[in-house]
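Structural description and commentary
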Amino acid sequence: EPEVTQTPSHQVTQMGQEVILRCVPISNHLYFYWYRQILGQKVEFLVSFYNNEISEKSEIFDDQFSVERPDGSNFTLKIRSTKLEDSAMYFCASSPGLLSSYNEQFFGPGTRLTVL
Amino acid sequence: KQEVTQIPAALSVPEGENLVLNCSFTDSAIYNLQWFRQDPGKGLTSLLLIQSSQREQTSGRLNASLDKSSGRSTLYIAASQPGDSATYLCAVFDGYGGATNKLIFGTGTLLAVQP
């Protein structure tokens with residue numbers, strides 16, 4: 001069964017460093033998302049991406065964040081200068097969009113980002 | 001602004017018991033609602049999705065209902081097993097179903113099924 005994959009599973013970085021989190025969405029899906037979950041808190045929406053551009057972003061998704069679909073398969077989240085409060089589990093998700101009446105979102109296993 | 005609440009926050013039951021998890025949302029104008037399971041330190045596994053026009057969905061021992069007008073959904077788990085132990089998350093689709101339909105999550109219910 002197709003699934004969303006994410007790499008790395010765990011990333012440790014120093015404050016102020018840039019990190020890139022990678023995702024491979026399900027191949028025929030059209031909509032892509034990033035969410036994050038700070039330990040012990042709710043899963044929060046960061047950004048949605050469709051047709052090679054951002055559709056919507058939350059107030060968390062400031063100028064330090066960017067997303068890109070550099071080729072036909074990968075979807076990346078870049079944090080330019082990490083802060084301690086960026087430590088969280090980051091989830092990538094994809095959905096079929098108008099290919100399906102349900103537009104169900106499928107999530108990857110997550111990347112745990114630890115900022116020291 | 002849509003808010004999603006889940007009660008109880010934690011639940012412990014003996015194996016074999018039937019149980020109900022509750023989810024409420026403040027804005028009834030949702031596109032659909034999705035229930036997830038999250039194991040410790042792991043990703044989100046989709047369990048059931050209910051469209052806004054539906055009243056319920058079933059998958060095996062799971063049954064999810066939706067009452068949009070009252071802003072409530074329930075997840076019913078029949079004949080619980082220790083393997084059902086996990087955090088269960090409710091999430092509503094905020095939007096019309098297009099690219100902007102972000103999921104808004106509740107805080108989850110931590111379920112422990114005792115053997």
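Everything below is about the structure shown above.
Description of the structure in this document. (Residues numbered from 1 in each chain as written. Chains lettered and ligands numbered in written order. Predicted model: local features only at pLDDT ≥ 70, side-chain atom pairs only at ≥ 80, totals over all residues. Heavy atoms only, no water.)

This paragraph deals with the sheet that holds strand 1 (residues 4–7) of chain B. Residues and elements named next belong to chain B. Strand order in the open sheet made by the 5 strands is 1-3-8-7-6, with antiparallel pairing throughout. Each of the sheet's edge strands pairs with one partner strand only, and the pair in question is strand 1 and strand 6 (56–59). Taking each pair of neighbouring strands and ignoring which way they run, the sheet shows an average axis angle of 15 degrees. (Pairing = 2+ DSSP bridges. Helix = DSSP H or I, 4+ residues; strand = E, 2+ residues; numbered from the N terminus. Axes fitted to C-alpha atoms, helices over the stretch in contact; angles between N-to-C directions.)

In this section: the side chain of B:Ser80. Its place among the elements puts B:Ser80 in the loop between strand 8 (72–77) and strand 9 (86–94). If sequence neighbours within four positions are ignored, B:Ser80 has contacts with B:Val13, B:Pro14, B:Glu15, B:Gly16, B:Glu17, B:Leu19, B:Arg61 and B:Val113. (Contact = heavy atoms within 4.5 Å.)

Taken together, the contact pairs 22 residues of chain A with 28 residues of chain B. Taken together, both faces of the contact between chain A and chain B bury some 1900 Å²; the carbon and sulfur share is 52%. Counting across the interface, chain A meets chain B through 1 salt bridge. A salt bridge links B:Lys102 to A:Glu56; its shortest N-O distance comes to 2.7 Å. If you look at where chain A meets chain B, you find 6 residue pairs in polar contact (both at pLDDT 80 or more). Sorting the residues of the side of chain A that touches chain B by element identifies strand 4 (31–37), strand 5 (43–50), strand 6 (53–57) and strand 9 (88–95) of chain A as the ones contributing at least two each. Taken together, the residues that form the side of chain A that touches chain B break down as 11 nonpolar, 7 polar and 4 charged. (Buried area = accessible area lost by both parts, 1.4 Å probe. Salt bridge = Lys/Arg side-chain N within 4 Å of Asp/Glu carboxyl O. Polar contact = N/O pair within 3.5 Å; in protein donor to acceptor, adjacent residues only side chain to side chain. Nonpolar A, V, L, I, M, F, W, Y, C, P; charged D, E, K, R; others polar.)

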